[in-house]
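Working through the structure, step by step
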2 protein chains.
Amino acid sequence: VSRAWAVGVDIGGTNVVVGLVRADGGGAVALRSATTASMGGAEGAVEHIATMVDDVISEGLGKVDGRRRDVAGIGIGCPGPLDLEAGLVLDPFNLDWRDFPLRARLGAAVDLPAHLDNDANCATWGEYWQGAGRGVRSLVGVTLGTGIGGGVILDGRLVHGASSTAGEVGHMTIDVEGRPCKCGNRGCLEAYASGPNIAARAREGVERGAVSTLPELAGGDPATITAATVYEAVVHGDEYARDVMEETAKILGAGIANLVNILNPEMVVIVGGVTRAGAYLFDPLRAEVRQRAFPVAERACRIVPGELPDTAGVIGAAGLFLASRQAG
Amino acid sequence: VSRAWAVGVDIGGTNVVVGLVRADGGGAVALRSATTASMGGAEGAVEHIATMVDDVISEGLGKVDGRRRDVAGIGIGCPGPLDLEAGLVLDPFNLDWRDFPLRARLGAAVDLPAHLDNDANCATWGEYWQGAGRGVRSLVGVTLGTGIGGGVILDGRLVHGASSTAGEVGHMTIDVEGRPCKCGNRGCLEAYASGPNIAARAREGVERGAVSTLPELAGGDPATITAATVYEAVVHGDEYARDVMEETAKILGAGIANLVNILNPEMVVIVGGVTRAGAYLFDPLRAEVRQRAFPVAERACRIVPGELPDTAGVIGAAGLFLASRQAG
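In this text, all values refer to a predicted model and were calculated from it rather than measured experimentally.

Structural notes on the overall build of chain A
- Within chain A one finds eleven helices and twelve strands.
- Computed over C-alpha atoms, the radius of gyration of chain A comes to 20 Å, within 12% of the 20 Å expected from 2.2 N^0.38 for 328 residues, which places it in the range of a compact globule.
- Oriented by its inertia axes, the alpha-carbon framework of chain A measures out at about 60 × 45 × 35 Å.
- Relative to its full complement of 328 residues, chain A shows a buried share of 60%.
- A separation threshold of at least 6 residues defines the contact pool for chain A, and within that pool the share at least 24 residues apart is 61%.
- By element, 47% of the accessible surface of chain A is carried by carbon and sulfur atoms, the whole surface being about 12,500 Å².
- Seen as two clouds, the 28 positive and the 39 negative side-chain charges of chain A have centres 5 Å apart.

Examining the relation of the copies chain A and chain B
- Take chain A, turn it by 180°, move it 0.0 Å along the axis, and it overlays chain B with an RMSD of 0.0 Å. Expressed as an axis order, the relation between the two copies is that of a two-fold axis.
- A share of 100% of interface residues in chain A that are also interface residues in chain B marks the association as one of identical surfaces.

Looking at the packing of aromatic side chains
Residues and elements named next belong to chain A.
- The final tally for this structure, using the stated rule, is four aromatic pairs over all chains.
- Ring centres 6.1 Å apart and planes at 65° place the aromatic pair Trp97 and Phe100 in the edge-to-face group. Accessibility assignment for this pair places Trp97 and Phe100 in one class, buried.
- Here the aromatic rings of Trp125 and Tyr128 are separated by 4.8 Å at their centres, their planes lie at 50°, and the arrangement is tilted.

Overview of the pairing of strand β3 (residues 28-35) of chain B
Residue and element names in this part refer to chain B.
- Bridge analysis of strand β2 (residues 15-22) against β3 gives seven bridges, and the strand direction is antiparallel. Considered in β3, the bridge of Val18 is made with Arg32.
- Linking β2 to β3, which pair antiparallel, is a turn of five residues; within it Gly25 sits at a positive phi near 95°.

With respect to the pattern of salt bridges
Residues and elements named next belong to chain A.
- According to the stated counting rule, one finds 32 salt bridges over all chains in the structure shown.
- Measuring nitrogen to oxygen at the nearest pair gives 3.2 Å for the salt bridge that ties Asp54 to Arg68. With Asp54 in helix α1 (residues 42-64) and Arg68 in the loop between α1 and β4 (71-78), this pair connects stretches of sequence that are 14 residues apart.
- For Arg68, a relative accessible area of 39% puts it in the partly exposed group.

Details of helix α9 (residues 279-292) of chain B
All names here are of chain B.
- Taking 1.5 Å as the rise per residue, α9 with 14 residues should run 20 Å; its terminal C-alpha atoms sit 19 Å apart, in good agreement.
- For α9, the complete set of buried residues consists of Leu281, Phe282, Pro284, Leu285, Glu288, Val289 and Arg292.
- On the buried face of α9, the contacting elements are α8 (239-263), β11 (267-271), α10 (295-299) and β12 (302-305).

Some details on the environment of Val64 of chain B
- With respect to the helices and strands, the residue Val64 of chain B is situated in helix α1 (residues 42-64).
- Residues Val64 of chain B and Val29 of chain B, spaced 35 residues apart in sequence, show a C-alpha to C-alpha distance of 9.0 Å.

Side note on the interface of chain A and chain B
- Contact residues are listed per partner, giving 42 residues for chain A and 42 residues for chain B.
- The three residues of chain A that bury the most area against chain B are Ile262, Arg292 and Phe294 of chain A, which together make up 20% of that side's buried surface.
- Here chain A and chain B share two salt bridges between them.
- The partner of Asp155 of chain B in a salt bridge is Arg157 of chain A, and the shortest N-O contact between them spans 2.8 Å.
- Elements with a minimum of two residues in the side of chain A that touches chain B: β9 (148-154), α8 (239-263), α9 (279-292) and α10 (295-299) of chain A.
- It is α8 of chain A that contributes the most residues to the side of chain A that touches chain B, six residues altogether.
- Here the side of chain A that touches chain B is composed, by residue class, of 21 nonpolar, 14 polar and seven charged.

What to know about the nonpolar core
- Counting 112 residues, the largest nonpolar core has Val230 of chain A together with Val230 of chain B as the members making the most contacts within it.
- Among all residues touching Val230 of chain B, those that are not within four sequence positions of it are Ile198, Ala202, Leu214, Ile225, Ala241, Val244 and Met245 of chain B.

Focus on the sheet that holds strand β11 (residues 267-271) of chain A
All names here are of chain A.
- Taken together, the five strands give an open sheet; going across it, the order is β10-β9-β8-β11-β12, and neighbouring strands pair in mixed fashion. What marks the edges here is a single partner per strand, and that holds for β10 (157-158) and β12 (302-305).
- Strand direction decides the pairing type here: β11 and β12, joined by four bridges, are parallel. Following the sheet pairing, Val269 is matched in β12 by Val304.

Here's the deal with the sheet that holds β4 of chain A
Residue and element names in this part refer to chain A.
- Read from one edge to the other, the open sheet built from five strands follows the order β3-β2-β1-β4-β7, with strand pairing classed as mixed. The open sheet has two edge strands, β3 (28-35) and β7 (114-118), and neither has a second partner. Each strand of the sheet is rotated relative to its neighbour by a mean of 15°, with strand direction disregarded.
- As judged from the seven bridges shared by strand β1 (residues 5-11) and strand β2 (residues 15-22), these two strands associate in the antiparallel manner. The residue of β2 that forms the bridge with Gly8 is Gly19.
- Packed on one face of the sheet, α1 meets β1, β2, β3 and β4 and runs near 155° to β3.
- In the packing of helix α2 (residues 102-110) onto the sheet, the strands contacted are β1, β4 and β7, and the crossing angle to β4 comes to about 145°.

Observations regarding unusual backbone geometry
- The omega angle of the peptide bond from Gly80 of chain A to Pro81 of chain A is 0°, so this bond is cis rather than trans.
- Relative to the assigned elements, Pro81 of chain A resides in the loop between β4 and β5 (82-83).
- Positioned with a positive phi, Asn264 of chain B is a non-glycine residue whose angle comes to about 50°.
- Within the secondary structure layout, Asn264 of chain B lies in the loop between α8 and β11.

Considerations on the confidence of the model for chain A
- Residues at a pLDDT of 70 or more form 98% of chain A, whose mean pLDDT is 94.
- The ipTM assigned to the predicted complex is 0.94, against a pTM of 0.95.

Reading the values: rules and limits
- Think of each chain on its own: its residues are numbered from 1, step by step along the sequence as written.
- Chains and ligands are labelled sequentially in the order written, the chains with letters from A and the ligands with numbers from 1.
- Confidence filtering applies because this is a predicted model: local features only for residues at pLDDT of at least 70, side-chain atom pairs given and counted only at 80 or more, and all residues used for totals across whole chains, interfaces and linings.
- Excluded from the side-chain calculation are hydrogens and water; included are all heavy atoms of the structure.
- For helices the rule is a DSSP run of H or I covering at least 4 residues; for strands it is a run of E covering at least 2, with both sets numbered from the N terminus onward.
- Our radius of gyration looks at C-alpha atoms and nothing else; its globule reference is 2.2 Å times the residue count to the power 0.38.
- The rule is simple: take the accessible area with a 1.4 Å probe, protein chains only, and divide by the maximum for that residue type; under 20% is buried, over 50% is exposed, in between is partly exposed.
- Whether two residues touch is decided by their heavy atoms; if any such pair falls within 4.5 Å, the residues are in contact.
- Exposure was quantified through the Shrake-Rupley algorithm and a 1.4 Å probe, taking into account, for residues, occlusion by the shown protein chains and nothing else.
- Under the convention used here, Asp and Glu are negative, Lys and Arg are positive, and both His and the chain ends fall outside the count.
- A charge is said to be at NZ when it belongs to Lys, at CZ for Arg, at CG for Asp and at CD for Glu.
- Least squares is used to superpose the copies, and the fit set is the C-alpha atoms of residues whose pLDDT is at least 70 in both copies.
- Ring pairs are drawn from Phe, Tyr and Trp, using the six-membered ring of Trp, whenever the two centres fall within 6.5 Å, and their geometry is named by plane angle: stacked under 30 degrees, edge-to-face over 60, tilted for the rest.
- Strand pairing follows a simple DSSP-based rule, namely that at least 2 bridges must link the two strands.
- Between Lys or Arg on one side and Asp or Glu on the other, a salt bridge is scored when a side-chain nitrogen of the former is within 4 Å of a carboxyl oxygen of the latter.
- A helix is expected to span 1.5 Å multiplied by its residue count minus one.
- The buried area of a pairing is the accessible area, by a 1.4 Å probe, that goes missing from both parts when the two are put together, added over both.
- Lys, Arg, Asp and Glu make up the charged group, whereas Ala, Val, Leu, Ile, Met, Phe, Trp, Tyr, Cys and Pro make up the nonpolar group; the residues left over, Gly among them, are polar.
- Definition used in this section: a nonpolar core is a set of buried Ala, Val, Leu, Ile, Met, Phe, Trp, Tyr and Cys residues joined via side-chain atoms within 4.5 Å.
- With axes taken as lines fitted to C-alpha atoms, and helix axes fitted only over the stretch in contact, angles between N-to-C directions fall between 0 and 180 degrees.
- Predictor confidence is given residue by residue as pLDDT, running from a minimum of 0 to a maximum of 100.

This is the structure we're talking about:
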């Protein structure tokens, strides 16, 4: 594409982030964020997001003295499952939208060509295009948040699969008789290592009598312990919280070793707030992968935190729009 | 390639199979098989296999009145890890060969251009090219035998990964604290569902007092129970053996559900003797995948037995040689 800009929209269960992104790879020049819940249902969200898109275009182009006709289009990242060909949101776990023609509605509302992809695919593509994965050709992204998602890029191409659901690494079974998962199964990676499940595991230990500063950090009520409370306690030297983090790292390590054995990628990028735990997470995680994956595959793979903590999804959504125009 | 034939060599821990394969996809016209152990080490194997190659060429071309110059080359499938670029066998679990330049040695011994790939990749490619996967574009092969291997074909291309070890599905963790595996880890798929481990699980139950015809079928000595004994008992209505098979199916189902969630393929082809258990294996296996995988991904994926039980590896090795010439 010859035009200089694209808009990225990153729709999550908690927040919607919108940004104006440079087509040449120079990051986002304007950003807006709002809570998803504040928007009402899908129809309300379209209206609200359209306003955010207009705002970032005005602000971004104002900064650089650009022209609106140089905005090539809009890329949308949304939790799956999606029907990518038809541009539909089917019935995501974390959103109360169902069989909604998001691509057509949002494209029409902002009068721009639109492209839809899975939110975790967008974050993975963002890291591949402008983040930790620059220069890499094969990469798996793992997004840790309210849920766990992922994206698979092989030889510079995003793998969508036969029905657009490739990359659902969060519901990989790593313990056949393990913790129940909200998806209805047992022992999914997500049942241990999503934000809410890190918090739940920490709370369970506290309720069983673990000695920890977690209840105090959570304002005295263990029920309000979140994953963020756990990271905070880890950084402040709480040994129980470190145990919880280490167990999280080992479980993530088992899941990532599976990805390394199956796909033998050059890189696994981990995206999400949990990466703030830094070496407390990455040291035991890498050790577990070294223990579990084939040595030839493990040595070929760097396991790194994302470099675009707030904007990977937005940049990737815009990037996938641009890539779709080049491919078509 | 314009030439009508290629030789496929399938090297396994137990047997080596060699065949002359039609480049147009018409199967193998001549086959030879020998035990790997009978060949001595790697050097002896090269000599022995070269004779088998000459034999299948003579026999096959004799049948169809063909000319030796119409044999385009030789494809070799061998247990990994391999260095595909250099054509080396590194240090496979199931073979006592180490850092051996198999491609160059065998190519020179038969005076034909040679191509080397992983044995499970070859079997997967055989099923894709001439077996259960004809017409499919994305497919995962799972080979069940002495070990468990696999191959990943996406959009008609075999995924090799960053260091030629992609597709090692057998060492996927499905139970983080599970059975010890010969690879040094715990809870690998292979630790439950390879032939020797199906047999080991059956023996363990018998030793704990399970009521079963297995010891009798094994000639009175439970120590001689093999996976084949288990299939035989299943078919003859032994309830304990059916329990062992059902547990095997569930564990395989969990591993295959992981592949379905991660890659969303059109097909998973299961290759190996265990597929002889038919519905006793496939019914509970498919039910487990339905239970564990994302519905949108599960519905898009057929899970089927291979259609080339004795020749998938040979046909695939020859096919990958031919594909490598077309690509290059």
